[in-house]
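Residue-level structural notes
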Amino acid sequence: MLRNGQNQAHLLARCLGQMARGMAALKKGTVNQEKAKSKLPKPAAVEVPVEEPLNANYLAKTLGSNYRAWVAALEKHPELKTVKRKDLLNSYETLKSLAYSVDDIITKPMIIYYGATTLANRHSVLEECGFQNITIPTLSKYVTVVNKSIEILKAHTYIPYDVKVAERLASYFIGIQLPVDMRDLDNENLTLKSLRQSLLNAYLRERLQMDDGDLQKLWRVYSRIRHKSFRAVQDTVEFLTTELKFTAERLRKNSFLLYADADNVRRILKEIPTIDSQDIRDIGFRRPKILMSTCDSLRQTLQHVHTFGIGEAAVLRCLEVLTLGPDTVLERLRDLQEIEEFQVLGTNPRVLRLVHYQNKARLRLDYLSQLKVRCASLHILSCGSEAFAKFARDGSDRTKGRDIVVYLGNILSKDEQVLRNLLSRHPNWCHTPLLHVKQCLEFLRSKKFKLQEIFANIHLLLYPIKRIEEKMYLLQAPDAQEELQLPVSGFHELSNNEILTLILYLIESEFHFTGDGIWTEQHSHHVENFNNLLPDFPESLNKVYKYGVKPAEKLVMQHL
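Residues numbered from 1 in each chain as written. Predicted model: local features only at pLDDT ≥ 70, side-chain atom pairs only at ≥ 80, totals over all residues. Heavy atoms only, no water.

**A look at the overall build of the protein chain**
Helix and strand content of the protein chain: 32 helices and two strands. A burial count over the protein chain gives 46% of its 560 residues as buried. In the protein chain, the share of contacts with a sequence separation of at least 24, taken over all contacts with a separation of at least 6, comes to 72%. (Helix = DSSP H or I, 4+ residues; strand = E, 2+ residues; numbered from the N terminus. Buried < 20%, exposed > 50% of the residue type's maximum accessible area, 1.4 Å probe, protein only. Contact = heavy atoms within 4.5 Å.)

Structure below.
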């Protein structure tokens, strides 16, 4: 259809003959394509309840104490109103398990501002250091307390005078001989912070063979590990090495895992044993950061993914999505339905990359629109910075066609390789945006064309809708049959398949069957001196790394 023709009437006759044979072959097929939908299935509505800020009435009813006390607490500490109710309840349950009453809590109400894990860790650390009668005021001043010397802490009766703090702390590392002279640490002028860091360094040198460089990186990047109890650190190390088969080398390379909660990991293994039939142990080994997410968060994230009609196979293609919070995942999944360029990728098996990299993808989409680049593939929107910069600077408004093939394969229920072989007959098919293919398909469906008829004329999906409409109206003109010398008496005698074939023929006949009929006037000319016209790419904000301060990386391009 797209080759040069010497005689239009001859080409038309040949085309109609091929079309008739094609229709006969299609009738023999048994594919139920009419049940397929041209539009992406919309997920069930997911209502996100709008949570009101904490108020004194809620706190008094939920936690106890009296209304006036909570009014005063919120007036003095307005930031408490920003705490989510779920987090508040978790913190309260943790404090209650540590034998604190609501009357204790209200003496220092900001204590519930901290997370449940933080509170449990800090209490365990003070307990290991020999503190007796750990009160809410002491727990709330944890950072100040651990920066005090042992001598001062004993003078203020936080720690009994007869407690040998260094020996007591070292005793919590069971079954291992620490490579350290305890006489050097038996100095009460040391702060709890420095003493604990020295002992933890000794443990990590012996157990994980960490050297000075590893330890320096640990304290520079993952400094909050110093606030985890020694028992919890050892429990985590032993569990990961025995149950998940992490080697000492792998733990050194992923030292943030030292802050993982072993009990939480045990819950993950029990409650989420597999994802799409893959053992969660193997998944956790491949992507250790997943083990830093709480079990409840992982379950909620997977539920959100299922709700939006995305299978677990897609999760395996982007395991990083499991490192995001469930609320973030839900918000970004909903955003996919709001942005047309994202929504059309909803059935793509790699769609979760758009969830994980959504902020970056939005910036890139805006940037490419400034360049009037229409063909932004899922890969380009979510790939590395260097690959994206190369795409932008090359000025080639085309893709490799992967997204189009996947989309049509889902809609038409056809093999992706069959579709690629058909589409690749058109020399310019990779220059057509996926969004246009979707819109064109929906337009044809709105005109009552069946999916099997569209498939038989699949190249028509590459053409501007305006041109398709023009040729459709032209065929309905009274003198069209005579002008085109069609072997029928009227438009109504043409089948849908014949109409689509004629539309494609009429469009390309104007362009000498070169395939250039897909270009509109706005997109027919390539940009010259493209590099000189690039706008500055908006710099994304530097964000705090989830597991500490992000290690220094090599500089990337200032302008993408």
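There's more to say after this.
**Concerning the state of the cysteines**
All chains considered together, the criterion is met by zero disulfides. You can see Cys430 has no disulfide; the closest cysteine sulfur is in Cys375, sitting 8.6 Å from it. (Disulfide = S-S within 2.5 Å.)

**With respect to the nonpolar core**
Core analysis: the biggest nonpolar cluster contains 154 residues, and Trp70, Leu352, Leu408 and Ile468 have the highest contact counts within it. Counting residues in hydrophobic clusters, the runner-up holds nine residues, among them Tyr367, Leu371, Phe391 and Ala392. (Core = buried A, V, L, I, M, F, W, Y, C linked by side-chain atoms within 4.5 Å.)

**Brief notes about the packing of helix H16 (residues 262-271) against helix H18 (residues 295-307)**
Interaxial distance between H16 and H18 falls to 9 Å at its minimum, and their mutual angle equals 35 degrees. Seen from H16, the contacting residues are Asn264, Arg267, Ile268 and Glu271; seen from H18, they are Cys295, Asp296, Leu298 and Arg299. Of the residues assigned to the contact of H16 with H18, the class counts are three nonpolar, one polar and four charged. (Axes fitted to C-alpha atoms, helices over the stretch in contact; angles between N-to-C directions. Nonpolar A, V, L, I, M, F, W, Y, C, P; charged D, E, K, R; others polar.)

**Overview of the packing of aromatic side chains**
Taken as a whole and judged by the stated rule, the model has seven aromatic pairs. Both rings, one in Tyr505 and one in Phe513, keep their centres 5.5 Å apart while their planes meet at 45 degrees; by these two values the pair is tilted. As far as the burial class goes, Tyr505 and Phe513 line up, both buried. Its end group placed over the ring of Tyr58, Arg85 keeps NZ or CZ at 4.1 Å from the ring centre. (Phe/Tyr/Trp six-rings, centres within 6.5 Å; stacked < 30°, edge-to-face > 60°. Lys NZ or Arg CZ within 6 Å of the ring centre and 35° of its normal.)

**Describing the side chain of Glu508**
Among the secondary structure elements, Glu508 is positioned in helix H32 (residues 496-509). Within the buried set, Glu508 has no salt-bridge partner at all; the shortest N-O distance to an opposite charge, 7.2 Å, is to Arg467. (Lys, Arg positive; Asp, Glu negative; His and termini not counted. Salt bridge = Lys/Arg side-chain N within 4 Å of Asp/Glu carboxyl O.)

**Let's talk about the pattern of salt bridges**
Tallied over the full model, the rule gives 19 salt bridges. We note a salt bridge from Arg299 to Glu271, for which the minimum N-O separation is 2.7 Å. Of this pair, Arg299 sits in helix H18 while Glu271 sits in helix H16, and the two are 28 residues apart along the sequence. We classify Arg299 as partly exposed; its relative accessible area is 44%. In the salt-bridge network here, residues are joined through shared partners; they are Arg267, Glu271, Asp296 and Arg299.

**Description of the environment of Thr62**
Examined against the element boundaries, Thr62 turns out to sit in helix H2 (residues 56-62). In this structure, the C-alpha to C-alpha distance between Thr62 and Tyr92, residues 30 residues apart in sequence, is 9.9 Å. From its side chain, Thr62 meets the backbone oxygen of Tyr58 in a polar contact 2.8 Å long. (Polar contact = N/O pair within 3.5 Å; in protein donor to acceptor, adjacent residues only side chain to side chain.)

**Topic: the packing of helix H30 (residues 465-476) against H32**
Helix packing for two helices is described by the angle between their axes and how far apart those axes are. Where H30 meets H32, the closest approach of the two axes is 9 Å, and the angle between their N-to-C directions is 115 degrees. One finds that H30 runs roughly perpendicular with respect to H32. Relative to H32, the crossing made by H30 is right-handed. Every residue of H32 that contacts H30 at Arg467, Ile468, Lys471, Met472, Leu474 and Leu475 is listed here: Ile499, Leu502, Ile503, Leu506 and Ile507. For the contact of H30 with H32, a count of residues per class yields nine nonpolar, no polar and two charged. (Parallel < 35°, antiparallel > 145°, perpendicular 65-115°, else oblique. Left-handed = near helix turned anticlockwise from the far one by under 90°.)

**A word on unusual backbone geometry**
Notably, Ala99 is not glycine yet its phi reads approximately 75 degrees, a positive angle. For Ala99, the location among the structural elements is in the loop between helix H4 (85-97) and helix H5 (102-107). Overall, the relative accessible area of 68% leaves Ala99 in the exposed class. The phi dihedral of Lys245 is positive, around 60 degrees, even though this residue is not glycine. In this fold, Lys245 is placed in the loop between helix H14 (230-242) and helix H15 (248-253).

**Focus: helix H25 (residues 385-394)**
Burial in H25 covers these residues: Phe388, Ala389, Phe391 and Ala392. Taken around the axis of H25, the buried residues stretch over an arc of 160 degrees, which confines them to a single face. Relative to its buried face, H25 has exposed residues pointing more than 90 degrees away, namely Glu386 and Lys390. Buried-residue contacts for H25 involve helix H23 (358-370) and helix H24 (378-382). Looking one or two residues beyond H25, the residue adopting positive phi is Gly395, at roughly 70 degrees. (Arc of directions from axis to C-beta.)

**A look at the confidence of the model for the protein chain**
Reading predicted coordinates in detail is not appropriate for stretches of low pLDDT. When the pLDDT values of the protein chain are averaged, the result is 82; 82% of them are 70 or greater. By mean pLDDT, helix H1 (residues 8-28) is the weakest element of the protein chain at 39, and strand E1 (residues 274-275) is the strongest at 96. Below a pLDDT of 50 lies the segment residues 1-45, which in the model reaches 66 contacts outside its immediate sequence neighbourhood of four places, other chains included. Of the regions scoring below 50 in pLDDT, residues 524-560 engages in 58 contacts with residues more than four places distant in sequence or in other chains. (pLDDT = per-residue confidence, 0-100.)

**Description of H23**
Relative to the 18 Å expected for 13 residues at 1.5 Å per residue, H23 spans 18 Å between its end C-alpha atoms, a close match to the ideal helical length. Gln358, Ala361, Arg364, Leu365, Tyr367 and Leu368 are the residues of H23 that are buried. Contacts from the buried residues of H23 go to helix H20 (326-336), helix H21 (340-343), helix H22 (352-356), H24 and H25. Residue Lys372 follows H23 closely and has a positive phi angle near 60 degrees. (Expected span 1.5 Å × (residues − 1).)

**Topic: the side chain of His459**
Position of His459 among the secondary structure elements: in the loop between helix H29 (451-456) and H30. A relative accessible area of 13% means that His459 is categorised as buried.

**Comments concerning the environment of Leu59**
You can see Leu59 is positioned in helix H2. A sequence separation of 10 residues divides Leu59 from Ala69, and the C-alpha atoms of the two residues are 9.9 Å apart. Sequence-distant contacts of Leu59, that is, excluding residues within four places in its chain, are made with Leu54, Gly64, Trp70, Leu74 and Leu88.

**Digging into the environment of Thr514**
Within the secondary structure layout, Thr514 lies in the segment after H32. C-alpha separation for the pair Thr514 and His426, spaced 88 residues apart in sequence, amounts to 8.9 Å.

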